[in-house]
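Per-entry structural report
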Amino acid sequence: MAAEARARRLALRPGLALPALAFLLMLGAIIAAEPRVASYFGLTVLLGFAMPAIFAALAQMAVIAAGDIDLGIGPFLSLVNCIAATWLTDRPAAGLAALAGLVALYAAMGALIHARALPAIVVTLGASFVWLGLAILVLPTPGGAAPAWLAAVAAWRPPLLPLPLLVGLLAGAAAEWLLMRGAYGVVLRGIGGNPRAVARGGWSLLRARMSLYAAAGLAGVLGGLALTGLDTSGDATVGGQYTLVSIAAVIVGGGEFTGGVVSPAGAVLGAFIMLLTGSLLSFLDVSTDWQLSAQGGILILVLAARALRRRGRA
Amino acid sequence: SGAATPARAGGRSTAQDGIALSNSYAGNGWRQQMLKMWNGAAGYATHHHIIARTKVVNSNNSATQQASQIADLTLQGWKAIVIDAASPTALNGVIAQACAAHIVVVVFDSLATAPCAYKVAYNYVSMGEMEANYVAKRLGGKGNVLEVRGIAGTSVDHDIHEGIVKGFAKYPAIKLVGSVHGNWTQSIAQKEVAGLLPSLPPVQAVVTQGGDGYGTYAAFKAAGRPTPLIIMGNRQDELALWQKLASAPGGYQTFSLSSAPGVSSIAFWVAQQILAGAKVPHTVNVPLLVIRQNELAAWLKAVPAGGVSTPLYSQKWTEELIAANLSGKAPPASPIPTGMP
Amino acid sequence: MMRWAERRPWVWSFLAAGLVWALTSASVGGQGAFASLAVALEFATFAVIVGLGQMLVITAGPGNIDLSIPGVMTLAAYLATGLAKGTDGGLAAGLAAGLAVGLAAGLFNLLLIQGLAIPPMVGTLAAGFIFQSMAIAYSRHSHAKPAPALVGFVNAHLLGLPLVTLVFVGVSALVAQMLRRTVFGRSLLAIGQNRRAARLAGLAVGATVGLVYVLAGLCSALAGILLAANSGGAALNMGSDYLLSSIAVVVLGGTAIAGGQAVPAGLWGAAALLDLIVTMLNVLHVGAGLRYVVTGLIIIAVLALARGRAP
Amino acid sequence: MNPQPAEAFARLEGVAKSFGAVRALAGVDLAVPPGRMLGLVGHNGAGKSTLMQILAGALAPDRGSIRIAGRDETRGWDVRRAHGLGVRCVFQELSLCPNLTVAENARIMHPALSGWGWRRRARALMRAALDALFPGHGIDPDRQVGSLPVGQRQMVETARAFSETDTAVRLVILDEPTSSLDAAAAANLLAYTERARARGIACVFISHRLHEILGHADEVVVLRDGQVASASPAAGLSEAALVERMGEVRGEEEPGATAATSRSGARRLSRPARASLGERFGIDVRAGEVVGLSGLAGHGQREFLLAAFAAAGHGGRAAHGEGAVAVHGSAAHVSGDRQNDGIFPLWSIGRNTTIGLIRRLARAGILPLRAEAALAARWREALSIRAPDIETPILSLSGGNQQKVLVARAFATEADLILFDDPLRGVDVGTKRELYHHVRAAAAAGRAFLWYTTENAELVHCDRVYVFARGVVTDQIPRAELTEERVIRASFATPADLSRHGG
Ligand SMILES: Nc1ncnc2c1ncn2[C@@H]1O[C@H](COP(=O)(O)OP(=O)(O)OP(=O)(O)O)[C@@H](O)[C@H]1O
Ligand SMILES: Nc1ncnc2c1ncn2[C@@H]1O[C@H](COP(=O)(O)OP(=O)(O)OP(=O)(O)O)[C@@H](O)[C@H]1O
Ligand SMILES: [Mg+2]
Ligand SMILES: [Mg+2]
């Protein structure tokens, strides 16, 4: 009975099965093309760069949970990357303070959006310029060096599970636990569904939105740190593409733009899928002219499958 | 050039090897021409069994996507990976990984700084200096100059700008009266220059970074200002414009300074030479492509409308370049292509 | 004043643009003030054209957005200039081909969104990749200068203002009237507010939303063709600037991001504002880093002042 | 019952509230004794919801004081404080999050549902509350609320208001809870409030169904134009007296007076009986008829109306095969779920009224704005929608008046067949009578009506009633034979019954 209820609850989770299937299929295709991938080392190499994308997707998901959208997360990762490759290495205390300040800025952005009832899509677009500008101010040309401990973490080879999978699992589980299982997580998702109802439950919408944005900022900082660990250096333009990648990851993972429908585990899977759509190109023989098309096509396939399944159920 | 001699320099045959290109961005004319030149060199090499296979992977201007693609190429066991990098620093981790797997890594154009990678390098600081010197000479050491820059935050933009500032430092009477970011794109350069122009005093010269000369000219023309001395790049429209201006009564003189997209063919042959066991310096300096007034007609004939002028460098030419780099002698002259690629 | 402005959401972007313009002009002692305004309007025109399409899409309701704009612009520009072959004789064929790209792109987006039920933001993004890639493939084989007649048109001036600008001021006015007093416009506004209710009120929901995506495709195509004529030819990266700025001009102009309310006039204020900010920062010799920071802060500030209502 | 009520649990004094120029409340006094039910009635826009939002802490008054359990709570009175003191409110526009499950929605209300195992406790809490209020409700606490029909959502919200964790419930405000419940569920709810009162819980109950108020409230307060018009014990009050106090008498009740009885009009809608489902009655609607649909909520009436709308060519997939609905002529649809299915929230009354007929109004795709405005003004007048003019934003109307706009929209289309999906939900008595008149007049002029209602009393206005159970028609009742008892019997009919009574 309890097991059955749990299974039912899992099945209720917006389309987790499909992204998982898509991920496995893509991975299977790659392994078929290159059997060497199917090893601890192979998976580590193949999936390594998913780590920043995972955190970017989780950050995006926190914002989408509030019914908003974040067009600034990519440049935000760049900014964290630049700070981590400079201040955090030279003056760790100042670096940490700066990163904490960034999380606070994200929360402040949430507060502003709430207090003035602003369209988040453009506030975050404006913020994206601010993040990029700050990144250039911190590090005018690419360079710097990651703190040794950060590079060591990124190069760590944990037993059993390759690091990117471990990070995906841990980050996904933590986000699931906080947002989907946790008691305050329910309130947070509620504001994406019906803010008035949450307010009438006696909750502060301001605090809730600030929490979600702070969570997004925190995930963004972790993503930027992961990026720095992998790159071992800083670059003010390095993160730009994460904005659209993270949005696509959340949607591919079963999230929806409106109504606070999100899935942390799905977002993590979505990040892996987005990484593989780019990777697949290096395993397939696609002419350079059509590589962008191939990426678009894969994205369409993954999402169309979801729609067909939905139609089948209806 | 004569028949290819795969084993000439090092003695090892590369006939079984594969060389892959990882390109960070394919979305502008320069990169398209660069890919074409790669296909020219690599296609020639596979056809003549100098190498076994090649592959090109583009990433969508994303350093991490490119990094993961390089990691994939590493897994696939390519003998050499040639890279036009999205970031000078962000790929260093995977490049080190590839080197550790005994893969030859060659970076070119937009370089990565990883120490283990061979570099086929343009000296962009010197490009800025050359522009500044030419302008200063033409203006007689005095006048107002507008600077059109590239994409902010990139090392290429930074280096060229640095060279320009350094170059003009010797000429106190030359004033940089304005600076815009044209992002190496005609339409953006045009818009930015047009926006700034009304507020500027008369401008005598414009220093550029390539791909922005035509847009700059269009902005001056639209504002009804006299055409200043504009340093041209190597886009066909820039050269055609230059010729049009030059053939008008009164004439017009300038020069074109740019990085030739054919550098991908140099990088290809450098990788092949390394695989063949030839002695190759860690940094192979490539001369910038200079087009002077007297060569203009010949270059224009060799570039298709909308294209970017460049030679396709041969294996032999590359060997000479490597030798010159080793001996510290002057590099060979860039061949002017005789037909359209 | 506040209440008056509340009913006219476009005033804020105009106010901000005016302020930035005044600041810029003052900082150079008024030199070239009118010329810089004309230039801003000229380049704002392209943003307004794509903005008109994006505005209609956004008005169709939550989640609707078109991210295929850069791809469509580029492909249309290439085909239009390619088929015109730089001659006025080929202009008609070129224009037809370019606009056909817009039409086809709209229909393809529609297929993804309505046929396959893919969320617009990701569907149009993927579609944009495909169009861009087609432009890349096409650019291999053909590249021509724009037809002289078209170049003449985009460079023509009337009363010191660019002719294209005046034409599209007229077009925006037409769009405003269309929204106010045609069946299509009224249906669109209703659908954007409450799609279920619109269906139950008997409105043609599918057809209206479909038309909107097709119109957006046509707008992008037209902007691409004109921009190519303005800058001497098509280029592969000519559209990338318009991806996010098309959203910015729509929302800064007062259109509701949640749909159901569209403000065509505001596009002009917002597009001019974005251009004038760049000019101001160029004039003031602000460095690249600070320039981005200031741009971002101005966008947020204008929004916060204009759109905000007291909590 | 205690004739001398003790000190009131909640007491409002001199409460006033204005929205811009609209004065919603002009100094209202109200006392709610513990263990008693206060019935609150008044015409649409009288200020009932506003007053209750103030009492619940969801809206701050401009003036006035709030005393709870003898203490002055005016300062710092908000929802959280109200919850802390055991004051709960069921708002009419539902206050549930559709993306959350039933149990998770309980969490939104209860700060105490946190920490280890809160989900298990939340599920148990909601299951128990639902079982207590609505036996046999069939709602899974793990279902997403958005996937529930509106009636079940109403049940969830009501049950949640009565559920208890760490603070005891002392006062529950019910703002038209029965308007979207069927008769059986409404009866369950009202029966439960009796038991709750026995435990000392006070209730404020708002309804436009005056018999519910008279049958269950201890005391009735009538609001009129933001002021208390009267307050008296329910005992001894009659519906007529109440209506008079509401000041909204617009014609006498005249059940089933002058409806068409001949079935000679053109056929507007037909659906054959589906024998494979054991159905014995086909549905048939002719011009000039008013046909009712009844039965428990969620038994297929709403789906049938939507299928009819689709069959009239308004999108959706029209069904084919056995039991396909055929519609001859044009159709208009009015839903009582105005938030989701009705209003265009950014628009004025005028635009909301005319949206259904823009295609008919337009000449070559262009709308004649002046004619459109005139039309909207005429309908506002005709249905006495309480607003200064047609430019008034629809959201500033009270719920009942918003509903009138939707009815006006359907009438204005002049469609041959009007599909009513419980359209008078939350409309006050006086207005309802007026609307009944309009329906009859329109029917006499040749329109056909298919009218689903959750309020059995409304069925008397129908020429014929079809009762639904589990998606099939279980009875067809001509008006002459209509009794509440027969409707209820058919509502609970099972397929077995159908075959037993066959013939
Ligand atoms: N947010 C608001 N903005 C403007 N006016 C409002 C607002 N809320 C309520 N009103 C006005 O206040 C008055 C009282 O509304 P209220 O909703 O309290 O009426 P009600 O008695 O609940 O009516 P109903 O029976 O229709 O529910 C109405 O005239 C209404 O138009
Ligand atoms: N989105 C909104 N913004 C501002 N005011 C609103 C909004 N939605 C509802 N209101 C106001 O809140 C008040 C209560 O809403 P509503 O009329 O829907 O509930 P109700 O009166 O309880 O409904 P009913 O009349 O069916 O019982 C109304 O006066 C309405 O004007
Ligand atoms: Mg009310
Ligand atoms: Mg109401």
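Now for a description of the structure that goes with this document.

Considerations on the sheet that holds strand E16 (residues 417–421) of chain D
Residues and elements named next belong to chain D. Within the open sheet, the 6 strands sit side by side as E15-E16-E17-E13-E18-E19. Their pairing is mixed. Both edges of this open sheet fall to strand E15 (331–335) and strand E19 (472–478), since each of them pairs with a single strand only. Here the strands of the sheet are splayed against their neighbours by 20 degrees on average, with no regard to which way each runs. When strand E13 (residues 290–294) meets strand E17 (residues 448–452), the two strands line up parallel, connected through 4 bridges. Of the residues in E17, the one forming a bridge with Gly292 is Trp451. Contacts from helix H15 (residues 429–444) reach E13, E16 and E17, with the element oriented near 145 degrees to E17.

Section: the sheet that holds strand E9 (residues 229–230) of chain B
Residues and elements named next belong to chain B. Strand order in this open sheet of 4 strands is E7-E6-E8-E9, and the pairing throughout is parallel. In this open sheet, the two edge strands, each paired with only one partner strand, are strand E7 (174–181) and E9. Note: strand E6 (residues 143–149) against strand E8 (residues 205–207), 3 bridges, orientation parallel. When the bridges of E8 are listed, Val145 appears paired with Ala205. On the sheet, helix H4 (residues 124–139) packs against E6, E7, E8 and E9 and is oriented at approximately 175 degrees with respect to E8.

What about the site of ligand 1?
Residue and element names in this part refer to chain D. Around ligand 1, 18 residues are found, and the nearest of them are Gly45, Lys48, Ser49, Thr50 and Ser396. At a separation of 3.2 Å, an oxygen atom of ligand 1 approaches a polar backbone atom of Ala46. Take Gly400: an N or O atom from its main chain is 2.8 Å from an oxygen atom of ligand 1. Protein chains bury 80% of the 630 Å² of accessible surface belonging to ligand 1 in isolation. When residues of the shell around ligand 1 are traced back to their parent elements, those giving at least two are strand E2 (22–32), helix H1 (48–55) and helix H14 (399–413). The dominant element in the shell around ligand 1, judged by the number of residues it contributes, is H1, at 3 residues. For the shell around ligand 1, the per-class residue count stands at 5 nonpolar, 11 polar and 2 charged.

Conventions and cut-offs
Residues numbered from 1 in each chain as written. Chains lettered and ligands numbered in written order. Predicted model: local features only at pLDDT ≥ 70, side-chain atom pairs only at ≥ 80, totals over all residues. Heavy atoms only, no water. Pairing = 2+ DSSP bridges. Helix = DSSP H or I, 4+ residues; strand = E, 2+ residues; numbered from the N terminus. Axes fitted to C-alpha atoms, helices over the stretch in contact; angles between N-to-C directions. Contact = heavy atoms within 4.5 Å. Near = heavy atom within 4 Å. Polar contact = N/O pair within 3.5 Å; in protein donor to acceptor, adjacent residues only side chain to side chain. Areas by Shrake-Rupley, 256 points an atom, 1.4 Å probe, with all protein chains shown as cover. Nonpolar A, V, L, I, M, F, W, Y, C, P; charged D, E, K, R; others polar.

Purely geometric numbers; function is a separate question.
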